Amino acid sequence: MNILVWHVHGSWLTAFLQGSHTYLLPVTPERDADGLGRARTWEWPAAAREVTPWELRESSVDLIVLQRPHEIALAEQWTGRRPGRDIPAVYVEHNAPDGPAERTRHPLAARDDIPVAHVTHFNRLMWDCGRAPTTVVEHGIVDPGPLWTGGIERAAVVVNEPVRRGRTTGTDLLPVLAAEVPLDVFGMDTSRLPAHLGVHDERLRVRELPQAGLHAAMALRRLYLHPVRWTSLGLSLLEAMFLGMPVVALDTTEAREAVPPGAGTVSNRPEVLRAAVRRLLADPEHARETGAAARAAVRDRYGVRRFLTDWDQLMKEVVR
């Protein structure tokens, strides 16, 4: 099929583009949020083709994969056809709802012509999708290989915009955790983090890396720390497990589903998290065994082959 899909979440899209279709990626002269085109920091297949808005008018499109509410109007404007009516469409919901359970009405809840595909069962449970058909296609990860060595006795944390996102990503927890293990925080817009937290020594280092270098840098650290309170299931957590890293995470959203017993520590009790970190630092063999269990678990559940098979099945049903 020819699938129109925007470049919104690079890690998710990297896995999605591994399928056997042609993928039309909108590109604008400014390469703004609605026209990023092909990635600059990921290796994407040749079947991921850039198309301009005016080229889309003449392009054959079999399916539209939507990821943001305004893309419905944008797709109609650029293609001249209405998603869900003139062209089959499916909406990928990457995120957990922002508010409490009483205020979780999904933007597509009043429509029944565009199914909503959630990336976790937790998200499907928490969103009120009204009339919209719903399903779950769990994440898939392109396997980076068992790169973990863990020789650097520090914890890797991956988070984008930690100052702006604050408590959502557990930014306020980092100073407490840094008292147990030195932290290397990777991600976009992390440069302001030490000043924001008032930590100006080796306990907290920040670094922005392109995707190509991130996995290798993570794998050098002893463990992966996931202090996120409330987002969807972080792809960085799954990627760390694919690397063979032992993980320590808050027991929120769908983290416990992803990290089974023996593959890491998942808890909301600070004393449990601190004890897990101390043991991983003190016992490299325990860290190695835990990381190996993490890799085995994540490959079984979140492999890219299963992900693409699930997506192909869903897309066939939607097009029918």
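Everything that follows concerns the structure shown earlier in this document.
Residues numbered from 1 in each chain as written. Predicted model: local features only at pLDDT ≥ 70, side-chain atom pairs only at ≥ 80, totals over all residues. Heavy atoms only, no water.

The subject of this paragraph is the layout of surface pockets. In this structure, the largest pocket spans a volume of roughly 1,600 Å³. Taken together, 47 residues make up the lining of the largest pocket; nearest its centre are Val 8, His 9, Asn 160, Arg 165 and Met 188. For the lining of the largest pocket, the secondary structure elements donating two or more residues are α1 (10–16), β5 (89–93), α5 (162–165), α8 (211–220) and α9 (235–242). Here the second largest pocket defines a volume of roughly 360 Å³. Considering the residues around the second largest pocket, the lining is formed by 14 residues, among which Thr 14, Trp 42, Val 142, Gln 211 and His 215 are closest to the centre. If you list the elements that add at least two residues to the lining of the second largest pocket, you get α1 and α8. For the lining of the second largest pocket, the per-class residue count stands at five nonpolar, seven polar and two charged. (1 Å grid on protein atoms, 1.4 Å probe; cavity = no way out; pocket = protein on both sides within 12 Å on 5 of 7 lines; lining within 4 Å. Points joined across faces, edges and corners; volume = space filled by probe spheres on them. Helix = DSSP H or I, 4+ residues; strand = E, 2+ residues; numbered from the N terminus. Nonpolar A, V, L, I, M, F, W, Y, C, P; charged D, E, K, R; others polar.)

Taken as a whole, this structure holds 28 salt bridges when the rule is applied. Residue Arg 105 pairs with Asp 128 through a salt bridge whose shortest N-O separation is 3.4 Å. Separated by 23 residues along the polypeptide, Arg 105 in the loop between β5 and β6 (116–118) and Asp 128 in the loop between α4 (121–126) and β7 (134–136) bring together distant segments of the chain. Asp 128 gets classed as partly exposed once you look at its relative accessible area, which sits at 34%. Among the ionic pairs, Glu 257 bridges to Arg 301, the shortest N-O distance being 3.1 Å. Residue Glu 257 is located in helix α10 (residues 255–258), and its partner Arg 301 is located in helix α12 (residues 284–302); the two are separated by 44 residues in the primary sequence. Overall, Arg 301 belongs to the partly exposed group, its relative accessible area being 24%. One network of salt bridges, in which partners are shared, links Arg 154, Asp 184, Glu 202, Arg 205 and Arg 221. (Salt bridge = Lys/Arg side-chain N within 4 Å of Asp/Glu carboxyl O. Buried < 20%, exposed > 50% of the residue type's maximum accessible area, 1.4 Å probe, protein only.)

We now examine the side chain of His 226. Its location among the elements puts His 226 in strand β11 (residues 221–226). The class of His 226 is buried, set by a relative accessible area of 6%.

Strand order in the open sheet formed by six strands is β10-β9-β8-β11-β12-β13, and the pairing between neighbours is parallel. Here the strands that pair on one side only, and so sit at the sheet edges, are β10 (204–207) and β13 (264–266). Direction aside, neighbouring strands of the sheet carry axes that sit 20° apart on average. Note: strand β8 (residues 152–158) against strand β9 (residues 183–186), four bridges, orientation parallel. Among the inter-strand pairings, Val 157 is bridged to a residue of β9, identified as Val 185. (Pairing = 2+ DSSP bridges. Axes fitted to C-alpha atoms, helices over the stretch in contact; angles between N-to-C directions.)

What follows deals with the environment of Gly 80. Of note, Gly 80 is situated in the loop between α3 (71–79) and β5. In sequence terms Gly 80 and Asp 128 are 48 residues apart; their C-alpha atoms lie 30 Å from each other. In this structure, Gly 80 is in contact with Arg 57 and Ala 75, ignoring residues within four places of it in sequence. (Contact = heavy atoms within 4.5 Å.)

Grouped together as the largest cluster of nonpolar side chains are 76 residues, with contacts concentrated most on Trp 12, Phe 16, Val 65, Leu 183, Met 218, Tyr 224 and Trp 311. In this structure Phe 16 touches Ile 3, Val 5, Tyr 23, Val 65, Phe 307, Leu 308, Trp 311 and Met 315, once residues within four positions along its chain are discounted. If you look at the next biggest cluster of nonpolar residues, it comprises 21 residues, including Leu 74, Tyr 91, Ile 114 and Val 116. (Core = buried A, V, L, I, M, F, W, Y, C linked by side-chain atoms within 4.5 Å.)

Along the chain, Ala 179 falls in the loop between α6 (174–178) and β9. In this structure Ala 179 comes out as exposed when scored by relative accessible area, which is 58%. Linking Ala 179 and Ala 294, residues 115 residues apart in sequence, is a C-alpha distance of 25 Å.

Moving on: the pairing of strand β1 (residues 2–5). Pairing between β1 and strand β2 (residues 22–26): three bridges, direction parallel. Each bridged residue has a counterpart across the sheet, and for Ile 3 the counterpart in β2 is Tyr 23. Note that the unit made of β1, α1 and β2 has a crossover that is right-handed. Of the strand pairs in this sheet, β1 and strand β4 (residues 63–66) are connected by three bridges, and their pairing is parallel. Counted as the bridge partner of Val 5 is Val 65 from β4. (Right-handed = clockwise from strand over helix to strand, strands pointing away.)

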